[in-house]
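So you can see what is in the structure, the chains are spelled out below.
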Amino acid sequence: MNNNHTLFTKAQQFIPGGVNSPVRAFKGVGGEPLFIARAEGPHMYDVNGKAYIDYLGSWGPMIAGHSNENVLAAVHAAVDRGLSFGTSTEIEVTLAEQICQMIPSIDKVRMVNSGTEATMTAIRLARGFTGRDKILKFEGCYHGHGDSFLVKAGSGILDLGIPGSPGVPDAVADLTLTVPYNDLDKLSQVMNQHGEEIAAIIVEPIAGNMNMIEPVTGYLEGMKSLCEQYGSVLIFDEVMTGFRVAKGGAQELYGIKPDLTTFGKVIGGGLPVGAFGGREDLMNHIAPNGPVYQAGTMSGNPLAMAAGSAMMKIISEPGFYDYLGQQTQKVVDVLHKAADEAGVAFSTRNQGGMFGVFFSEQPANNFDDLANCNHDQFKRFFHAMLDQGVYLAPSAYEPGFVSSQHDDDIIESTYHAAKIAFKA
Ligand code: KE4
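Residues numbered from 1 in each chain as written. Predicted model: local features only at pLDDT ≥ 70, side-chain atom pairs only at ≥ 80, totals over all residues. Heavy atoms only, no water.

**Q** Can you tell me about the overall build of the protein, naming the residues and giving the values?
**A** Secondary structure assignment for the protein yields 14 helices and 14 strands. Against the 2.2 N^0.38 benchmark of 22 Å for 424 residues, the protein shows a C-alpha radius of gyration of 21 Å, consistent with a compact globule. Seen through its C-alpha atoms, the protein measures out along the principal axes to roughly 55 × 55 × 45 Å. Within the protein, the fraction of its 424 residues that count as buried is 57%. Put simply, 73% of the contacts in the protein that link residues at least 6 apart link residues at least 24 apart. In the structure as shown, the protein presents an accessible area of about 17,200 Å², 51% of it carried by carbon and sulfur atoms. Averaging the coordinates of the 29 positive side-chain charges in the protein and doing the same for the 46 negative ones gives two points 3 Å apart. (Helix = DSSP H or I, 4+ residues; strand = E, 2+ residues; numbered from the N terminus. Rg over C-alpha atoms; globule rule 2.2 N^0.38 Å. Buried < 20%, exposed > 50% of the residue type's maximum accessible area, 1.4 Å probe, protein only. Contact = heavy atoms within 4.5 Å. Areas by Shrake-Rupley, 256 points an atom, 1.4 Å probe, with all protein chains shown as cover. Lys, Arg positive; Asp, Glu negative; His and termini not counted. Charge placed at Lys NZ, Arg CZ, Asp CG, Glu CD.)

Shown next as structure tokens:
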């Protein structure tokens, strides 16, 4: 009996759906989720010992590869000093300083334990600062599972084909306005009508939860000026794009300074960390300095801070992003080569260490465009790549992630796997 199947059967006995996060359940691609036993460099290894070239990267954090020696050394050293104190520590100040130095729009930053905590708090802060209740988000964007965000969200919600979630009171959902991504006219209309009621616009500056959709020229600039015009807080949700698409995140790529930014994934180096930060006048509204409450027992956990700080040092090394971007470009190039050889309609997007694949002639520009993609072919491609030892995100609505450990040999192996998988 396949160890994997035995484990999944047991998992379903004790855990809802057998998983601790829905998008891992393979609902978007069919079949049973793989149980991974360990990971090193660009590889993961399942419980049967089979190796996979990993383009999931734990959904983004593992930008320097798995079991990076510097990150592990930092965590091992921290372990020997104790696991959690619930007090101030030097290492949390170190990581906060690193983030403030690396992201010009960040004057102050507060650590939390997940991207969801970061985004939940960012909108609470915007609501507390402005005295307004409404927020505006974009169809297909995902900001974690906070009640206010489960309205036409992306990521795992899309795989389940549900627009939102039961359990979110209408009174809460009604405070979230949703407009299509990349439609500045529509956004302007809604802001002209409701702008003075809107506490914040929250946006994925590159939408990584409906595969990978980049903002059209002028879109983010228009969004920022609308926020300035109506006194709404502009929140860039960079949980995925932060330190992933560029050292300074998407805000560096597009030269836009948001009022608040949320982070996750890379900043924890593989341990549970989220963060929100931004303008000092806003951040000083957060308790204990200000009235907007936010707290967390494990916030700033010394092991997580050690991992995050080690990761910030690695990605700050000269040439890190040049190499990462170069390797990511090589990945999409070999995928295009294999798709062309197989005569498959295929398109991609990539920035820094992140790429999106679309089974359509053109990449999508908004959520509705995704309907033009051949999702059935993606499912066949996903499983064929898995059979060939390449692990992609198990969803047509998620991007791929490259690490600094994906060298030319790894990319050559990816090409050979794709040559077979595009014919599935
Ligand atoms: P977490 O609460 O999962 O740490 O972060 C929520 C979140 C917030 N904002 C953005 C832009 C995000 O991408 C995420 C989480 N991303 C998903 C997948 N794209 C995490 C994977 C999962 O849900 O298991």
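**Q** Which residues make up the packing of aromatic side chains, and what are the values?
**A** This model, assessed by the stated rule, comprises 17 aromatic pairs. Their ring planes at 85° and their centres at 5.7 Å tell us that Tyr-55 and Phe-355 sit as a pair that is edge-to-face. Taken as a pair, Tyr-55 in the loop between β3 (51-54) and α2 (69-79) and Phe-355 in strand β12 (residues 354-358) lie far apart in primary sequence, 300 residues in all. For the pair Tyr-55 and Phe-355, a shared accessibility class is recorded, and that class is buried. Ring centres 6.1 Å apart and planes at 70° place the aromatic pair Phe-138 and Tyr-219 in the edge-to-face group. (Phe/Tyr/Trp six-rings, centres within 6.5 Å; stacked < 30°, edge-to-face > 60°.)

**Q** Break down the domain arrangement of the protein for me, with residues and values.
**A** Here the protein is described as being made up of domain 1 (4-67 + 318-421) and domain 2 (69-315). At the interface, 35 residues of domain 1 touch 36 residues of domain 2. Put simply, domain 1 and domain 2 have one salt bridge between them. The interface formed by domain 1 and domain 2 includes 13 residue pairs in polar contact (both at pLDDT 80 or more). Taken together, the elements giving at least two residues each to the side of domain 1 that touches domain 2 come down to α12 (320-342), β11 (347-351) and β12. (Domains from an automatic or database assignment. Salt bridge = Lys/Arg side-chain N within 4 Å of Asp/Glu carboxyl O. Polar contact = N/O pair within 3.5 Å; in protein donor to acceptor, adjacent residues only side chain to side chain.)

**Q** Which residues make up the packing of helix α7 (residues 184-194) against helix α8 (residues 219-230), and what values do they have?
**A** It is the contact of α7 with α8, at a shortest axis distance of 10 Å, that shows an interaxial angle of 5°. Our classification of the angle between α7 and α8 gives roughly parallel. On α8, the residues touching Leu-184, Leu-187, Ser-188, Met-191 and Asn-192 of α7 are Tyr-219, Gly-222, Met-223, Leu-226, Gln-229 and Tyr-230. Grouping the amino acids of the contact of α7 with α8 by side-chain chemistry returns seven nonpolar, four polar and no charged. (Axes fitted to C-alpha atoms, helices over the stretch in contact; angles between N-to-C directions. Parallel < 35°, antiparallel > 145°, perpendicular 65-115°, else oblique. Nonpolar A, V, L, I, M, F, W, Y, C, P; charged D, E, K, R; others polar.)

**Q** Give me the site of the ligand: which residues, what numbers.
**A** Near the ligand you find 17 residues, and of these Ser-21, Thr-116, Asn-209, Asp-237 and Glu-398 are the closest. Taking Asn-209, its side chain carries an N or O atom lying 2.5 Å from a nitrogen atom of the ligand. Asp-237 is positioned such that a nitrogen or oxygen atom in its side chain is 2.7 Å from a nitrogen atom of the ligand. Surface burial for the ligand is 87%, taken as the share of its 530 Å² of free accessible area covered by protein chains. Its residues placed into classes, the shell around the ligand shows five nonpolar, eight polar and four charged. (Near = heavy atom within 4 Å.)

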